[in-house]
Amino acid sequence: MTPTAGQGTTAVPGPGPDPTVARGAWTPAQARAAFRDGLVAPTAGMSRGYAQANLIIVPKAQAFDVLLFAQRNPKSCPILGVLDAGETTGPLLAGGDIRTDVPKYIVYEDGRPVAEPTDLTAHWRDDLVTFIVGCSFTFEAALLDGGLPVAHIEQGVNVPMYRTTVRCAGAGTLSGPLVVSMRPFPASQVADAVRITSRYPAVHGAPVHIGNPAELGIDDLSRPDFGDPVDVPDGHLPVFWACGVTPQAAVMESRPPLAIGHAPGHMLVTDARDIDYLVP
């Protein structure tokens, strides 16, 4: 029986993965166990077929502002689930622990990153509320199945992410820019990328921009604000999706006393299947 999340809940660790099994074949519980045991790596391509998620964790006093920010900016902040104040596990990570089961986190104080721990236990408070936000890694299996190359997976790096000059709708104390992730595709396959990803609205859905990055205020694709650059071959177009790092950009601009996020590209691997978020 799945344990019920609650204040003071202690998750029961699951078995770790077989090191001879490819990371794409790990179950979500095995991936989370690997992170709990110290693996630090971007999660693109892991546990293929299962949804990945961004995190934004704030004290209960700021939780309504985050919820309202997400409601006003659903493209970049699609909420998949919420853990109430002090909860450390829930249906999306059954038997897991939100404090230990992500490969790397970022702790912000007054908007400044002050730590990048792999375990939040020392930073945890009973008033912390966790928002689990959809991630575009979720639709990458569908892109691959459709014969579309995913550059950062092929090149073995983290997905490139960029702050833009597009402003999100503010909410209470939170305001900030839209952050986008970028994947280049051959021009002949861009329509396919749009068609495939538009069927996943709960994990950012269709792209927000195709082509000229300057129209988003991005000066240099080789210098992402988060993640790693990828090669953009001749004949490929950069395609940009709204990104779940957007709430962290709002934290950096708005400077709340405390907030915690995942390190960009180091996601929560959930028990939900990608197909759960596929619309006809």
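Before reading on, note that the structure itself is shown above.
Please read all numbers here as calculations on a predicted model, not as lab measurements. (Residues numbered from 1 in each chain as written. Predicted model: local features only at pLDDT ≥ 70, side-chain atom pairs only at ≥ 80, totals over all residues. Heavy atoms only, no water.)

> Would you mind going over the pairing of strand 9 (residues 236-242) with me for this structure?
Remark: a regular strand shows side chains that alternate across the two faces of the sheet. Here strand 9 lies mainly inside the structure; 5 of its 7 residues are buried. Of the pairings in the sheet, the one linking strand 7 (residues 177-186) to strand 9 comprises 7 bridges and is antiparallel in character. Looking at the pairing, Pro184 lines up with Pro238 of strand 9. Bridge count for strand 8 (residues 209-210) against strand 9 is 2 bridges, and the pairing is antiparallel. Paired with His209 across the strands is Phe240, a residue of strand 9. (Buried < 20%, exposed > 50% of the residue type's maximum accessible area, 1.4 Å probe, protein only. Helix = DSSP H or I, 4+ residues; strand = E, 2+ residues; numbered from the N terminus. Pairing = 2+ DSSP bridges.)

> I would appreciate a short explanation of the pattern of salt bridges in the present structure.
Any two side chains of opposite charge can pair if their charged atoms end up close together. If you walk through the whole model with that rule in mind, you get 10 salt bridges. In this structure, the salt-bridge partner of Asp271 is Arg32, at a minimum N-O distance of 3.2 Å. Of this pair, Asp271 sits in strand 11 (residues 268-273) while Arg32 sits in helix 1 (residues 28-36), placing them 239 residues apart in sequence. (Salt bridge = Lys/Arg side-chain N within 4 Å of Asp/Glu carboxyl O.)

> How should I be thinking about the side chain of Arg183 in this particular structure?
Its location among the elements puts Arg183 in strand 7. Within polar-contact distance, the side chain of Arg183 engages the side chain of Glu140 at 2.9 Å. Beyond its immediate sequence surroundings of up to four residues, Arg183 is in contact with Ser136, Phe137, Phe139, Glu140, Leu143, His152, Val159, Leu237, Pro238, Val239 and Trp241. (Polar contact = N/O pair within 3.5 Å; in protein donor to acceptor, adjacent residues only side chain to side chain. Contact = heavy atoms within 4.5 Å.)

> Got a minute to help me understand the packing of aromatic side chains in this structure?
Counted under the stated rule, the structure contains 4 aromatic pairs. Ring plane angle 45° and centroid distance 5.6 Å describe the contact between Phe139 and Trp241, whose orientation is recorded as tilted. Note that Phe139 is positioned in the loop between strand 5 (128-134) and helix 3 (140-145) and Trp241 in strand 9, a separation of 102 residues in sequence. The buried category is assigned to Phe139, whose relative accessible area is 0%. Three or more aromatic residues joined by ring pairs form one cluster here, namely Phe139, Phe185, Tyr200 and Trp241. (Phe/Tyr/Trp six-rings, centres within 6.5 Å; stacked < 30°, edge-to-face > 60°.)

> For this particular structure, what's the right way to read the sheet that holds strand 8?
The 4 strands are arranged 6-7-9-8 in an open sheet whose pairing can be described as antiparallel. Edge positions in the sheet fall to strand 6 (161-167) and strand 8, since each has one partner strand and no second. One ladder, built from 4 bridges, connects strand 6 with strand 7; its direction is antiparallel. Residue pairing across strands places Arg163 opposite Val179, the latter belonging to strand 7. Docked against the sheet, helix 5 (residues 190-197) engages strand 7, strand 8 and strand 9, running at close to 20° with respect to strand 9. The sheet strands contacting helix 6 (residues 246-254) are strand 6 and strand 7, and the helix crosses strand 7 at an angle near 145°. (Axes fitted to C-alpha atoms, helices over the stretch in contact; angles between N-to-C directions.)

> Would you explain the pairing of strand 3 (residues 105-109) in this entry?
Burial analysis of strand 3 places 4 of its 5 residues in the buried class, which makes it a mostly covered element. Inspection of the sheet shows strand 3 paired to strand 10 (residues 258-262) by 5 bridges, in the antiparallel sense. Looking at the pairing, Ile106 lines up with Gly261 of strand 10. One ladder, built from 3 bridges, connects strand 3 with strand 4 (residues 112-115); its direction is antiparallel. If you follow Tyr108 over to strand 4, its bridge partner there is Pro113.

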